[in-house]
Amino acid sequence: MAEEQETFFSHLVELRDRLIRIVIAVGVVFVPLAFFARELYSVLAAPLLATLPAGGQMIATDVVGVFLVPMKVALAVAFLVVLPYVLYQIWAFVAPGLYAHEKKLAMPLLAASVILFFIGMAFAYFAFFPMVFGFMAQFAPEGVAWMTDIEKYFSFVLTMFLAFGVTFEVPVIVIVLVKIGVVDVVKLREWRPYVIVGAFIVGAVFTPPDVISQFMMAVPLWLLYEIGIILANLIVRPAAVAAGASDYRPPSDAEMNQELDRAEQQARDQQT
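Keep in mind that this is a model prediction, so the values were computed, not measured. (Residues numbered from 1 in each chain as written. Predicted model: local features only at pLDDT ≥ 70, side-chain atom pairs only at ≥ 80, totals over all residues. Heavy atoms only, no water.)

Undergrad: What should I look at first to understand the packing of helix H2 (residues 37-49) against helix H3 (residues 65-81) in this one?
TA: Each pair of packed helices gets described by two things: the angle between the helix axes and the distance between those axes. Their axes nearest at 8 Å, the elements H2 and H3 cross at an angle of 85 degrees. The orientation of H2 relative to H3 falls into the category roughly perpendicular. Residue-level inspection shows Ala37, Arg38, Leu40, Tyr41 and Leu44 of H2 in contact with H3, the latter providing Val69, Pro70, Met71, Val73, Ala74 and Val77. Residues that form the contact of H2 with H3 fall into these classes: ten nonpolar, no polar and one charged. (Axes fitted to C-alpha atoms, helices over the stretch in contact; angles between N-to-C directions. Helix = DSSP H or I, 4+ residues; strand = E, 2+ residues; numbered from the N terminus. Parallel < 35°, antiparallel > 145°, perpendicular 65-115°, else oblique. Contact = heavy atoms within 4.5 Å. Nonpolar A, V, L, I, M, F, W, Y, C, P; charged D, E, K, R; others polar.)

Undergrad: Would you explain the nonpolar core in this entry?
TA: Within soluble globular proteins, side chains that are nonpolar tend to cluster in buried spots. Counting 44 residues, the largest nonpolar core has Tyr41, Leu44, Phe128, Phe129, Tyr153 and Phe161 as the members making the most contacts within it. Put simply, the parts of the chain that give this core at least two residues each are H2, H3, helix H5 (100-139), helix H6 (150-167), helix H7 (170-179), helix H8 (185-190) and helix H10 (211-243). A per-element tally of this core places H5 first, with ten residues. In contact with Phe161, other than residues within four places in its own chain, are Leu44, Phe117, Met121, Ala124, Tyr125 and Phe129. With nine residues, the next largest nonpolar core counts Ile22, Ala37, Ala74 and Val82 among its residues. (Core = buried A, V, L, I, M, F, W, Y, C linked by side-chain atoms within 4.5 Å. Buried < 20%, exposed > 50% of the residue type's maximum accessible area, 1.4 Å probe, protein only.)

Nothing here speaks to function; it is all geometry.
Right, here's the structure in full:
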């Protein structure tokens, strides 16, 4: 009991140390970025500013919003810069409890997760935002000045970045579910119609209430699901063949009882 408590507290201490390292890393990167906070926000707002009508601009309804919002952008950028280091700290914390084959699979999946998350954000910034903002600018009624508060714009952009970043993680999620045995590839193919419907529901919930936005999230989500099935099939099939999984069948209860009876009979024969 004492050893279990000591192990538990040692894990807590290690977790605290790694969290402190993450906070320090974010702070170190944030300090120089803070001097370029306005420029970073201008880059973030570029998709909207490019679609505003002539003379259009963004507004700030909060007294300190013109200072806090660019700082939030700088902090978010700092976290994205150190994201690989953050994931490494998480990996270093959980790695001792993993088996060798789990470690072998976890590193590629971890790297793929980071890359896919950034690809999702890039898709939102370069494809989703210009199309959605252009549609909104054309849809605005005559005589209505279409402007937005910088705080609300930051919240909207951050939500979309997270939504598309997580959406592009679907192949990794599918591979993990198949690899740990929660579901097989055949079942994933059977779920395809439900996934397509669910993708459009997710698009309707997390995007603005227009058809274009819904399609731009639902279609990639569905395609990434299909890619995940293909990759999972390619990864799992060689492993199954190597392990002889197609020929292996666990013994039944009757076969186990027969083996036990045979072993007991051999032991009695040796005694006599």
